[in-house]
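Coordinates in review
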Amino acid sequence: MPSATRVAVVTGASSGIGAASARALAAAGFHVVLGARRLDRLEQVAAQTGGTAIPLDVTDDASVEAFARTVDERLGRCDLLVNNAGGALGADSVAEADLADWQRMYDINVLGTVRVTKALLPQLVASGDGQVITIGSIAGREPYKGGAGYNAAKHAEAALTRVLRLELLGQPVRVSEIDPGMVQTDFSLVRFKGDQERADAVYAGVEALTADDVAETVAWIATRPAHVNVDQVLLMPRDQAAAQVIHRR
């Protein structure tokens, strides 16, 4: 890898927005480091992008430490971190909350983002022009029925991202947040634990965003001049005006 090539780390990069972001960043000239638990799928994306696949479980301290160490040893730098690993589980009301699901959502979306950011922050600062882009959600801006657990996790992730922006003021690291609305990936299939019919109903009659739509936004933010910080982006399909205000054909 040429010494001038910038290195981008993408978490949750084995599918969906993460994989699409890896492809978009590779096309923009980054060497992409892909992190996720599903190494077989991760290696397929790495082959498509010329990137580096490294196993990563953002909920495990030892895994995150080993990942950051490997990035440093193999690449010697990190210029961009895309905190994409996350997701929703279930659509329970507060009264019927499955606390195991809530705990898992908090651990992936919030603590996972903290773990990876903390581990790579020294390299981002040392780059002289580092950047953190966190993939949030409209769920982190607007509560909705059936979303309490995911809403809570994404509101917390948004808060920590915005505090990071304040804390890094004056240092050479930009901090951005992209909050997509409805994106047609395997998100709903995971949320509803493999119930394909229920997942399909989420997108029925709607032209939702694609993973590539979000990835293009990631690449656009990542390629702005060093003095430009795109603080927050709310990215929605035309058919969606709010979390649960959707036009269906």
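Residues numbered from 1 in each chain as written. Predicted model: local features only at pLDDT ≥ 70, side-chain atom pairs only at ≥ 80, totals over all residues. Heavy atoms only, no water.

Selection criterion: UniProt positions are given in the numbering used here, feature names are shortened, and annotations may be inferred rather than shown by experiment.
An unreviewed UniProt entry annotates the chain as SDR family oxidoreductase of Isoptericola hypogeus. UniProt, in the comment section headed Sequence similarities (unreviewed entry), describes the chain in these words: "Belongs to the short-chain dehydrogenases/reductases (SDR) family."

Things to note about unusual backbone geometry
Selection criterion: Only DSSP runs of H or I covering at least 4 residues are called helices, and only runs of E covering at least 2 are called strands; the numbering of each starts at the N terminus. Per-residue accessibility, obtained with a 1.4 Å probe over protein chains only, is compared with the maximum for each type, and a residue is labelled buried under 20%, exposed over 50%, and partly exposed between these values.
Residues other than glycine seldom take positive phi values, yet Lys193 does so here, at roughly 55°. With respect to the element layout, Lys193 can be found in the loop between helix H6 (187-191) and helix H7 (196-203). For Lys193, a relative accessible area of 54% translates into the label exposed.

Focus: the environment of Ala53
To keep it simple, the criterion reads: We call two residues in contact when some of their heavy atoms are within 4.5 Å.
If you trace the backbone, Ala53 turns up in strand S3 (residues 52-55). Separated by 155 residues in sequence, Ala53 and Ala208 have C-alpha atoms that sit 29 Å apart. The contacts of Ala53, once residues within four sequence positions are left out, are Leu34, Leu39, Leu42, Glu43, Ala46 and Arg74.

Side note on the pattern of salt bridges
Using the following cut-off: Just to be clear on terms, a salt bridge is a Lys or Arg side-chain nitrogen sitting within 4 Å of an Asp or Glu carboxyl oxygen.
Counted by the stated rule, this structure contains eleven salt bridges. Across the salt bridge formed by Asp231 and Arg165, the nearest N and O atoms sit 2.9 Å from each other. One end of the pair, Asp231, is in the loop between helix H8 (211-222) and strand S7 (232-235); the other, Arg165, is in helix H5 (residues 148-167), with 66 residues separating them in the sequence. Residue class for Asp231 comes out partly exposed when judged on its relative accessible area of 34%. A relative accessible area of 27% means that Arg165 is categorised as partly exposed. Ionic pairing is found between Arg249 and Asp239, a salt bridge with its closest N-O pair at 2.4 Å. In this pair, Arg249 is assigned in the segment after strand S9 (245-246) and Asp239 in the loop between S7 and strand S8 (240-242), connecting sequence segments ten residues apart. Note on Asp239: relative accessible area 7%, which makes it buried. Linked through salt bridges whose partners overlap, the residues forming this network are Arg6, Asp129 and Arg174.

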